[in-house]
4 protein chains.
Amino acid sequence: MKNRKIAMLGGGFIGDFYISALHGQRRTDRVNVVYSRSEATARKAADRWNIPVWTTDMKKAVTDPNVDTVVVALPNFEHLPAVKLAAEAGKALLVTKPLGRNASEAKEMLDIVEKYDIFHGYLEDLVYTPKTLKAIASVKNGALGNVLWVRSRETHPGPHSDWFWNAELSGGGAIVDLGCHCIEIARSYIGKDIRPLEVVCWADTQVKPIEAEDHAIGLVKYANGAIAQFEVSWCFRGGMDLRDEVMGVEGTILLNHFLRTGIEIFTAVGESDYLAEKAETATGWLFPVGDEVNALGYDHMFTDMFDSMDSGNDPKETFYDGYVVNAIIDACYKSAKSKKWEPVKLDIWRGSEEEKHGPVLKDFDDRYYLIKEEKMPHGTVKLILKDKKTGKIIQKIK
Amino acid sequence: MKNRKIAMLGGGFIGDFYISALHGQRRTDRVNVVYSRSEATARKAADRWNIPVWTTDMKKAVTDPNVDTVVVALPNFEHLPAVKLAAEAGKALLVTKPLGRNASEAKEMLDIVEKYDIFHGYLEDLVYTPKTLKAIASVKNGALGNVLWVRSRETHPGPHSDWFWNAELSGGGAIVDLGCHCIEIARSYIGKDIRPLEVVCWADTQVKPIEAEDHAIGLVKYANGAIAQFEVSWCFRGGMDLRDEVMGVEGTILLNHFLRTGIEIFTAVGESDYLAEKAETATGWLFPVGDEVNALGYDHMFTDMFDSMDSGNDPKETFYDGYVVNAIIDACYKSAKSKKWEPVKLDIWRGSEEEKHGPVLKDFDDRYYLIKEEKMPHGTVKLILKDKKTGKIIQKIK
Amino acid sequence: MKNRKIAMLGGGFIGDFYISALHGQRRTDRVNVVYSRSEATARKAADRWNIPVWTTDMKKAVTDPNVDTVVVALPNFEHLPAVKLAAEAGKALLVTKPLGRNASEAKEMLDIVEKYDIFHGYLEDLVYTPKTLKAIASVKNGALGNVLWVRSRETHPGPHSDWFWNAELSGGGAIVDLGCHCIEIARSYIGKDIRPLEVVCWADTQVKPIEAEDHAIGLVKYANGAIAQFEVSWCFRGGMDLRDEVMGVEGTILLNHFLRTGIEIFTAVGESDYLAEKAETATGWLFPVGDEVNALGYDHMFTDMFDSMDSGNDPKETFYDGYVVNAIIDACYKSAKSKKWEPVKLDIWRGSEEEKHGPVLKDFDDRYYLIKEEKMPHGTVKLILKDKKTGKIIQKIK
Amino acid sequence: MKNRKIAMLGGGFIGDFYISALHGQRRTDRVNVVYSRSEATARKAADRWNIPVWTTDMKKAVTDPNVDTVVVALPNFEHLPAVKLAAEAGKALLVTKPLGRNASEAKEMLDIVEKYDIFHGYLEDLVYTPKTLKAIASVKNGALGNVLWVRSRETHPGPHSDWFWNAELSGGGAIVDLGCHCIEIARSYIGKDIRPLEVVCWADTQVKPIEAEDHAIGLVKYANGAIAQFEVSWCFRGGMDLRDEVMGVEGTILLNHFLRTGIEIFTAVGESDYLAEKAETATGWLFPVGDEVNALGYDHMFTDMFDSMDSGNDPKETFYDGYVVNAIIDACYKSAKSKKWEPVKLDIWRGSEEEKHGPVLKDFDDRYYLIKEEKMPHGTVKLILKDKKTGKIIQKIK
């Protein structure tokens, strides 16, 4: 295990969360430099986390000799310039989500890190929550059979900083902010090797006085017939709703990452402290998580990133994954306008080209396929069968 | 309260459930005649429920002088002929869901009952579950503000009888079987006065060896900007998944009708009895409901139907509602093929013609609109504001 | 089914709930007379529920010729006089919980109804909740094997009426008010035939400025070795907490009757209506039940009572059960003072006299009993075995 | 942060879990020596976790120059000898739960580490689960007001190794194995400064063919009137049931650490891997946790231990806490036999000597105390008040 020396670009909400993960739990890696556009923010972060160097000069941060890894925790519109600087300096690069404001920006970043041949990780934390890792492992172990459908939902009452609300700076609204999580979560269950073919998307501005969408729903169709569904919103009331569902031929998974995790507090008087991200109330029934940094995947994400660096392997999430996600988002925005299904344009596709589809037939006996078997209220067991030759469907009491 | 005298058309799974509701809990109404195409079924139902008359002659059933109300619990393709017979006989008519196999059939039934001027109810039980009634009341009381989004999900491992699996007899697959519930649930939250404008729908046959869809997802856009989302499947594993979610400007509702209702049983040895509709396992962790008939809405549905008859009012659900649902389903099938949004064709529209849309602005002060306020991890409170004149979005520490 | 003609004694909170059950859902039985000590209350109840006769004269109520059944929904100290009057009038008697303020009062009531040989039911509603009925049925079907332990918890922020808070009028505090439910719920799972032997009980007045206990915990030991645990309080914050747990040799049951039943509402603005019994908040996350009357067991309780009258059988809950419950409560109060286990004194015991106890041995093979088998983290399966001769306990990898 | 050099005594189930925590997530501390009585176990652990030295000689392990901290993960009867050896070697000592088989052993260990003046931590992991830390923080922030009651439940189908089942080697049965967790969890909520006064305990051997108890329930009364309740069993079916509940004057906390944490998997086919500690089934509905090591508190426990070493402070849990827990357990065993409340004997008490008790009075106005206020079904608000002078309790409509 090699102790990594990190420059953190960005000292705001997300940078702060990242540092709390990196410096927590007796971890060996250290943030040696923190950069922010604002001197006050940089100084405050350095003080809080005992970081030796702070700066408002990004180039100085990435070229610091006491830095081997650059973590980009900046607003979306600053990812590309930061990646350029750090890549030129030959530093390993970890970039927060979404990679770009669109696929073209993402591809440019991917090209840069591949040209400079440097380690690159895409900081898609929600793929790394302990629950998601466990669930993905179960799917890989075959517990669900083939995955048919994934629902990923991320909604809350809106982001923390002004730039999110400006579509030019961020690249869009709730889709680019939250949909990027949902899309990659679904890909991780369905299989990253499976090509996303086309999307249909509804997006609207229902509540907030902004140009971009504050609510959207999208469907992504994959080459193996699986369907991914994302639901994103900045209008949700009640906290931060992070839930995923996976349906397979042989099973089902339901995950709740934030609002119902086995900790329930009723308080008539409240408490003074910060309770949880996007919490809306301070009294009544409250549902915090135990350890936000862990529950949101930061611990396992950085572990995978640095362990992969040590071992010379790719992490679970690379810039290529960020690029695929941006390409799907681009298609979603197109569909929201065209009001029809739109193809996902991937100039670079590194997965399988295979397309397969359609039902899997289960033999009942020589004559019939089995469609279904169920125990009925008064004790009988009913079979629904399909004649292999005639195609006729019949029912039968077992 | 007038004791109603009922002819039950259909003695299968659904008819049996209906009779158990009608004859349960010391209710005053009675099934006096039961009809089934099959003599064995009719006879068995009569025996089980102590019904004086059984018959395989539908006309005999509906014209029986000891009958004032006909309940149609027949396969979809038999609704129209049954409605014709009963309407001609001048009997009150309660028809199971979906009303027709398509809007044209539904409209024909609506025309008939209106021509004969007889009481008609649409047996959409899931709008009548105690939880749904409570939740709709909360919405009407303003607890959520304007409704923005409704998700209704009904999935299970597939229906009980052969005819469901034959698209010609049933009118389709999972959409017509299950989507009809979801669509009407969403309408009930959004407001039945609000016109459904257009739909987009994905449908596929992923698992079962049939022609019709075994899995579908649809979005229905309403004239006030609200969006309804349905998820239906015959491929779900783990029981019967009936969940609804409602998002409003001021609140959220989450309902779970079947698999997580506060009763959890672990058994290493199982039990011999019928446990719950579509239960898949007999050992391990099981999640039955306490009283299926009540939980699925049958008690409150029949109470509303007969109380409405007594008082001379329309019930919550009439043939007109069934017709609207069929019209939305028709548009879904069209969209699943055309791969774009399709308008909902309603030759008869009895609600509001108004369309309104877009965000509601909240004043912060003279200069700004309030977009958002949130407590941050280190204790500060952050505001996101929009300048009323320039439109610029800024952030501010409170 | 015979239509019953009811006199309701008591028009307060519980009487109102009872009438709403009796007159709801098109039930055939009717309250013809309502009595209350207060004219205003009697009149209001009569108006609200369309009851032809109201009176402040209890004798008049029970002797009304249009009455065949008397329901006693009065404060505890009035049960005995009411039972005397109604028994003398020869009317069937249904009495709310607890039967008496103590076992001696309860026994007197039991003696009276048996002397007059009239139908008597004990209105222990929480044994009749749909979930409890389902769970008891599962236990009877063998899903849990022998029952080892039952926890029943009923806590809330305190009762509605002044007399509850006066130990002389009510017979005690939270134990007599709430423990009566818990004790009978546990008996129903363990088996009513099994004798309750002895109890240990902690009781204290932690919060409320009263003489009686506002919080208590008790253990009841049964002749078959099973243990019942009750937790009652008038100091609970967060609503009404009604939960039961059952542990058997082969399985487990968890029931939540009120605060987590699959309906979750977040509202930032609240609503004006009554939401649920003992609800403490009107905004934030709320957890009402769909249909309180049904969820609390009133529907199924009255159905059992009147169906039993019709069929000439005893209902599930009779005065004898009320007497046993009071005897257990008496022992609890004694133990709370003596600080040791106290025997349950039952002058009348109508169940089994058998006592049995101790572990059941499971053969592993000729040499060993099986204590336990478990899959370990790195894939091995470990057995814990006991030598039948030597008694030595060993472990073994399977 | 100083990198700690650890000798792990014990390479079985618990040692393995500890090492997986210590070597996980890029932590800086390292296990340099692993000891086990069994050469095979020691060798296997060394291989699996890349530990340079393994040995079956305990003295060699603790005196190894590459060791500054000794972690005792041995069976209960070996704690005392191990502590002696390590203390003589002057190494920091972290000992798994329970500290001793009884208070006398625990006190001996406490005396030793205090005599040698070495750092000592008590590895009570369940006080360190992320949820528990969050909940304790909320209690300390005043969200619940004064704590009145704590329930802590730990039940599962029985421990992994043979020695647990031998009362002489382990010190008892389920109480000493599991009750130690529950007792310390409750102390942590109530306040470690508050003296535990007396206990009452029921214990029985209901299922397993052993001498010691396989099921027990205990109540611990504290000097401030708070009551702690533990429920422990080796007979639970359905997995590992770890739940805590806290009731305060102003609020309530419910924690579920294991079986319902927001991850639900249904699988008809199962999977081959280890799913969760004490999981009983491999198909049907399963409820694993995402990251067991984190969910069970190991991460935060070791972080606190080593951070405290670094800063020269006591950790949250020391040998003194282990001693108090053992003293409470001793009283429980005594009470289980004597069948009455037994005092907790603490030769060393380092907390407050204060005893206080009884209800806190809330003014309503000059004349009355407020007992309760509640919204009733038909909209009125009812007050229960107590006259300050006469003590009479009245009700009033607001």
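So, here is what we can say about the structure in this document.

Notes on the sheet that holds strand S6 (residues 120-123) of chain D
All names here are of chain D.
So, point 1. Taken in spatial order, the 6 strands of this open sheet run S3-S2-S1-S4-S5-S6, and their pairing is parallel. This sheet does not close on itself; its edge strands, each paired only once, are strand S3 (53-55) and S6. Neighbour to neighbour, the strand axes of the sheet diverge by 20° on average, direction disregarded.
So, point 2. Taken together, the 4 bridges between strand S1 (residues 5-9) and strand S4 (residues 69-72) define a ladder with parallel strand orientation. Note on S4: the bridge partner recorded for Ile6 is Thr69.
So, point 3. This element, helix H2 (residues 39-49), spans strand S2 (30-35) and S3 of the sheet and lies at about 165° to S3.
So, point 4. Along the sheet, helix H11 (residues 319-338) makes contact with strand S5 (92-96) and S6, crossing S6 at roughly 45°.

Comments concerning the interface of chain B and chain A
How big an interface is tends to be expressed through the accessible area that disappears when the partners come together.
So, point 1. Tallying the contact residues gives 74 residues for chain B and 74 residues for chain A.
So, point 2. Summing both partners gives a buried area of about 6600 Å² for chain B against chain A, and 57% of it is carried by carbon and sulfur.
So, point 3. Our enumeration of links across chain B and chain A arrives at 10 salt bridges.
So, point 4. Measuring nitrogen to oxygen at the nearest pair gives 2.5 Å for the salt bridge that ties Lys339 of chain B to Glu198 of chain A.
So, point 5. Counting across the chain B and chain A interface gives 34 residue pairs in polar contact (both at pLDDT 80 or more).
So, point 6. Counting residues per element, the side of chain B that touches chain A draws most heavily on strand S16 (residues 368-375) of chain B, at 5 residues.
So, point 7. Of the residues contributing to the side of chain B that touches chain A, the split by class is 32 nonpolar, 17 polar and 25 charged.

Quick look at the interface of chain C and chain D
So, point 1. Each partner contributes to the interface: chain C provides 74 residues, whereas chain D provides 75 residues.
So, point 2. With both sides pooled, the region where chain C packs onto chain D buries about 6600 Å², and carbon together with sulfur makes up 57% of that total.
So, point 3. By the criterion of area lost to chain D, the three top residues of chain C are Pro209, Arg237 and Lys339 of chain C, representing 10% of everything that side buries.
So, point 4. At the junction of chain C with chain D, the criterion picks out 10 salt bridges.
So, point 5. Ranked by the residues each element gives to the side of chain C that touches chain D, the list is headed by strand S16 (residues 368-375) of chain C, at 5 residues.

Things to note about the relation of the copies chain B and chain A
So, point 1. With an RMSD of 0.0 Å, the operation that places chain B on chain A is a rotation of 180° combined with a shift of 0.0 Å along the axis. Both copies are brought into coincidence by an operation consistent with a two-fold rotation axis. Residue Lys340 of chain B, judged by its C-alpha, is the member of chain B lying nearest the rotation axis, at 2.0 Å.
So, point 2. The fraction of interface residues of chain B whose copies in chain A are also interface residues reaches 100%, indicating that both copies meet through the same surface.

So, the relation of the copies chain C and chain D
For the pair of chain copies, the relating operation is a rotation around an axis with a shift along it.
So, point 1. At an RMSD of 0.0 Å, chain C and chain D line up after a rotation of 180° and a shift of 0.0 Å along the axis.
So, point 2. Both copies present the same face, since 100% of the interface residues in chain C are matched by interface residues at the equivalent positions in chain D.

A closer look at the pairing of strand S2 (residues 30-35) of chain A
Residues and elements named next belong to chain A.
So, point 1. In terms of residue burial, S2 counts as a mostly covered element, since 5 of its 6 residues are buried.
So, point 2. Pairing between strand S1 (residues 5-9) and S2: 5 bridges, direction parallel. Note on S2: the bridge partner recorded for Ile6 is Val31.
So, point 3. One crossover worth recording links S1 to the parallel S2 by way of helix H1 (residues 13-22), and it is right-handed.
So, point 4. The handedness of the S2 to strand S3 (residues 53-55) crossover, carried by helix H2 (residues 39-49), is right-handed.

Remarks on H2 of chain D
Residue and element names in this part refer to chain D.
So, point 1. For H2, the full list of buried residues reads Ala42, Ala45, Ala46 and Trp49. One side of H2 holds all its buried residues, which, seen down the axis, span an arc of 100°. Exposed residues on H2 whose side chains face more than 90 degrees from its buried face are Ala40, Lys44 and Asp47.
So, point 2. Check the buried side of H2 and you find it contacts helix H1 (13-22), S2 and S3.
So, point 3. Just downstream of H2, Asn50 is the residue with a positive phi angle, here 60°.

Focus on the environment of Ala89 of chain D
So, point 1. Tracing the backbone shows Ala89 of chain D in the loop between helix H4 (79-88) and S5.
So, point 2. Ignoring sequence-local partners within four residues, the contact set of Ala89 of chain D consists of Val62 and Thr63 of chain D.

Some points on the pattern of salt bridges
So, point 1. Tallied over the entire structure, the rule returns 140 salt bridges over all chains.
So, point 2. Across the salt bridge formed by Arg4 of chain C and Asp310 of chain C, the nearest N and O atoms sit 2.8 Å from each other. Taken together, the residues Arg4 of chain C in the segment before strand S1 (5-9) and Asp310 of chain C in helix H10 (residues 298-311) connect sequence positions 306 residues apart.
So, point 3. Judged by relative accessible area, Asp310 of chain C falls into the partly exposed class, the value being 31%.
So, point 4. Measuring nitrogen to oxygen at the nearest pair gives 2.6 Å for the salt bridge that ties Glu105 of chain C to Arg101 of chain C.
So, point 5. Exposure remark for Glu105 of chain C: the relative accessible area of 9% places this residue in the buried category.
So, point 6. In this structure Arg101 of chain C comes out as partly exposed when scored by relative accessible area, which is 22%.
So, point 7. If you follow the salt bridges from partner to partner, you end up with Arg151, Arg153, Glu231, Asp241, Arg243 and Glu245 of chain A together with Arg151, Arg153, Glu231, Asp241, Arg243 and Glu245 of chain B in one network.

Focus on the pairing of S6 of chain D
Residue and element names in this part refer to chain D.
So, point 1. What you see with S6 is no split at all: His120 and Tyr122 on one side and Gly121 and Leu123 on the other are buried throughout.
So, point 2. Of the strand pairs in this sheet, S5 and S6 are connected by 4 bridges, and their pairing is parallel. Opposite Leu93, over in S6, you have His120 as the bridge partner.
So, point 3. A crossover links S5 with its parallel partner S6, the connecting element being helix H5 (residues 103-116), and its sense is right-handed.

What to know about the environment of Ile371 of chain D
So, point 1. Along the chain, Ile371 of chain D falls in strand S16 (residues 368-375).
So, point 2. Sequence spacing of Ile371 of chain D and Glu39 of chain D is 332 residues, and the spatial spacing of their C-alpha atoms is 66 Å.

Points about the nonpolar core
So, point 1. Core analysis: the largest hydrophobic core is formed by 122 residues, its most contacted members being Leu9 and Leu93 of chain D.
So, point 2. With 11 residues, helix H8 (residues 174-190) of chain D is the largest single contributor of residues to this core.

So, H10 of chain C
All names here are of chain C.
So, point 1. The first and last C-alpha atoms of H10 sit 20 Å apart over 14 residues, in line with the 20 Å expected at 1.5 Å per residue.
So, point 2. When you tally the buried positions in H10, you get 11 out of 14 residues, the bulk of the element.
So, point 3. Residues of H10 that are buried include every one of Tyr298, Asp299, His300, Met301, Phe302, Thr303, Asp304, Met305, Phe306, Ser308 and Met309, and no others.
So, point 4. At the C-terminal side of H10, Gly312 shows a positive phi close to 75°.

A short note on the environment of Met247 of chain A
So, point 1. With respect to the helices and strands, the residue Met247 of chain A is situated in strand S11 (residues 241-248).
So, point 2. Put simply, Met247 of chain A and Ile384 of chain A are 137 residues apart on the chain and 22 Å apart in space, counted from C-alpha to C-alpha.
So, point 3. Beyond its immediate chain neighbours, meaning those up to four positions away, Met247 of chain A contacts Asn146, Val147, Leu148, Trp149 and Thr252 of chain A together with Arg153, His215, Ser233, Cys235 and Phe236 of chain B.

Describing unusual backbone geometry
So, point 1. Here the bond from Lys97 of chain A into Pro98 of chain A is cis, since omega is -15°, no more than 30 degrees from zero.
So, point 2. Of note, Pro98 of chain A is situated in the loop between strand S5 (92-96) and helix H5 (103-116).
So, point 3. If you check the backbone angles, Asn50 of chain A has positive phi at about 60° while not being a glycine.
So, point 4. Examined against the element boundaries, Asn50 of chain A turns out to sit in the loop between H2 and S3.
So, point 5. Take Asn50 of chain A: its relative accessible area is 68%, and that puts it in the exposed class.
So, point 6. In this model, Gln25 of chain D sits at a positive phi of 50°, which is unusual for a non-glycine residue.
So, point 7. Within the secondary structure, Gln25 of chain D is located in the loop between H1 and S2.
So, point 8. The class of Gln25 of chain D is buried, set by a relative accessible area of 16%.

Details of the packing of aromatic side chains
So, point 1. Using the criterion set out here, one finds 42 aromatic pairs over all chains in the structure.
So, point 2. For the pair Phe302 of chain C and Phe306 of chain C, a centre-to-centre distance of 6.3 Å together with 20° between the ring planes defines the contact as stacked. With a gap of 4 residues between them, Phe302 of chain C and Phe306 of chain C both fall in helix H10, about one helical turn apart.
So, point 3. Classification of Phe306 of chain C by relative accessible area gives buried; the value is 0%.
So, point 4. A network of ring pairs unites the aromatic residues Phe13, Phe17, Tyr18, Tyr298, Phe302 and Phe306 of chain A as a single cluster.
So, point 5. When the ring centre of Trp341 of chain A is taken as origin, the NZ or CZ atom of Lys221 of chain A, which lies over that ring, is 4.9 Å away.

Analysis parameters
Residues numbered from 1 in each chain as written. Chains lettered and ligands numbered in written order. Predicted model: local features only at pLDDT ≥ 70, side-chain atom pairs only at ≥ 80, totals over all residues. Heavy atoms only, no water. Pairing = 2+ DSSP bridges. Helix = DSSP H or I, 4+ residues; strand = E, 2+ residues; numbered from the N terminus. Axes fitted to C-alpha atoms, helices over the stretch in contact; angles between N-to-C directions. Contact = heavy atoms within 4.5 Å. Buried area = accessible area lost by both parts, 1.4 Å probe. Salt bridge = Lys/Arg side-chain N within 4 Å of Asp/Glu carboxyl O. Polar contact = N/O pair within 3.5 Å; in protein donor to acceptor, adjacent residues only side chain to side chain. Nonpolar A, V, L, I, M, F, W, Y, C, P; charged D, E, K, R; others polar. Least-squares fit on C-alpha atoms with pLDDT ≥ 70 in both. Buried < 20%, exposed > 50% of the residue type's maximum accessible area, 1.4 Å probe, protein only. Right-handed = clockwise from strand over helix to strand, strands pointing away. Arc of directions from axis to C-beta. Core = buried A, V, L, I, M, F, W, Y, C linked by side-chain atoms within 4.5 Å. Expected span 1.5 Å × (residues − 1). Phe/Tyr/Trp six-rings, centres within 6.5 Å; stacked < 30°, edge-to-face > 60°. Lys NZ or Arg CZ within 6 Å of the ring centre and 35° of its normal.

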